[in-house]
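Chains, contacts and geometry: an overview
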Amino acid sequence: MTTTINDIVLAHIDNKPSFYARIEDIVPDVKPGWWQVQLLVLTVPLQVYHWILDESQVNGAPFTMSGTPIMLEKVVSPEPPQKPVAPVDNGGAQKKGNVVSLFDRKKN
């Protein structure tokens, strides 16, 4: 499965799931066959990592950094995306919906 920009990955560090990240950018490195991968690490606070990886590593092949095993696993939603519902033709009449403001909610 090919991993690309905007995909979410789960980084396994030392063979344990460690953090989620979104791939922000992938650009060629000066070394042929290698890529500079920018990861937005989804932690609090957010962090940005820059890793130089080959294509197989971006797509999930295990590798090491300073002797520590690392692997990126692409995250796939357990539910397929919902298709937008087509509007119903009311013969030209527009149906108005209710808009609920989060700011106007009453406190209990």
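Our subject is the structure listed above.
The model shown is predicted, which means the values in this text are computed figures rather than measured ones. (Residues numbered from 1 in each chain as written. Predicted model: local features only at pLDDT ≥ 70, side-chain atom pairs only at ≥ 80, totals over all residues. Heavy atoms only, no water.)

1. Quick word on the sheet that holds strand S1 (residues 8-13)
Read across the open sheet, the six strands follow the order S4-S3-S2-S1-S6-S5; overall the sheet is antiparallel. Either end of the sheet is taken by a strand with one partner, and the two such strands are strand S4 (47-54) and strand S5 (63-65). Recorded for the sheet is a direction-independent mean angle of 40° between the axes of neighbouring strands. Here S1 runs beside strand S2 (residues 16-28); their pairing, made up of six bridges, is antiparallel. Each bridged residue has a counterpart across the sheet, and for histidine 12 the counterpart in S2 is proline 17. (Pairing = 2+ DSSP bridges. Helix = DSSP H or I, 4+ residues; strand = E, 2+ residues; numbered from the N terminus. Axes fitted to C-alpha atoms, helices over the stretch in contact; angles between N-to-C directions.)

2. Things to note about the environment of isoleucine 52
Mapping isoleucine 52 onto the fold places it in strand S4. Here the alpha-carbon distance between isoleucine 52 and tryptophan 34, two residues 18 residues apart in the chain, equals 6.6 Å. Leaving out residues up to four positions away in the same chain, isoleucine 52 has contacts with Asp29, Trp34, Trp35, Gln36 and Gln57. (Contact = heavy atoms within 4.5 Å.)

3. Re the nonpolar core
If you look at the biggest cluster of nonpolar residues, it comprises 14 residues, and the most contacted ones within it are Leu39, Trp51 and Leu53. Of all the elements in the fold, those that place two or more residues in this core are S1, S2, strand S3 (34-41), S4 and strand S6 (68-74). What leucine 39 contacts, discounting residues up to four positions off in sequence, is Val9, Ala21, Arg22, Ile23, Glu24, Gln47, Val48, Tyr49 and Trp51. (Core = buried A, V, L, I, M, F, W, Y, C linked by side-chain atoms within 4.5 Å. Buried < 20%, exposed > 50% of the residue type's maximum accessible area, 1.4 Å probe, protein only.)

4. Brief notes about the pairing of S1
Turn length for the S1-S2 hairpin, with the two strands adjacent in sequence and antiparallel, is two residues, and the turn residue aspartate 14 shows positive phi of about 55°. The pairing of S1 with S6 spans five bridges and is antiparallel. Of the residues in S6, the one forming a bridge with alanine 11 is leucine 72.

5. Remarks on the packing of aromatic side chains
Following the criterion strictly, the structure yields four aromatic pairs and no others. Residues phenylalanine 19 and tyrosine 49 carry aromatic rings whose centres are separated by 5.6 Å and whose planes lie at 85° to one another, so their mutual orientation is edge-to-face. In this pair, phenylalanine 19 sits in strand S2 while tyrosine 49 sits in strand S4, placing the two residues 30 residues apart along the sequence. Ring centres 6.3 Å apart and planes at 80° place the aromatic pair tryptophan 51 and phenylalanine 63 in the edge-to-face group. (Phe/Tyr/Trp six-rings, centres within 6.5 Å; stacked < 30°, edge-to-face > 60°.)

Treat this as a map of the structure, not an account of what it does.
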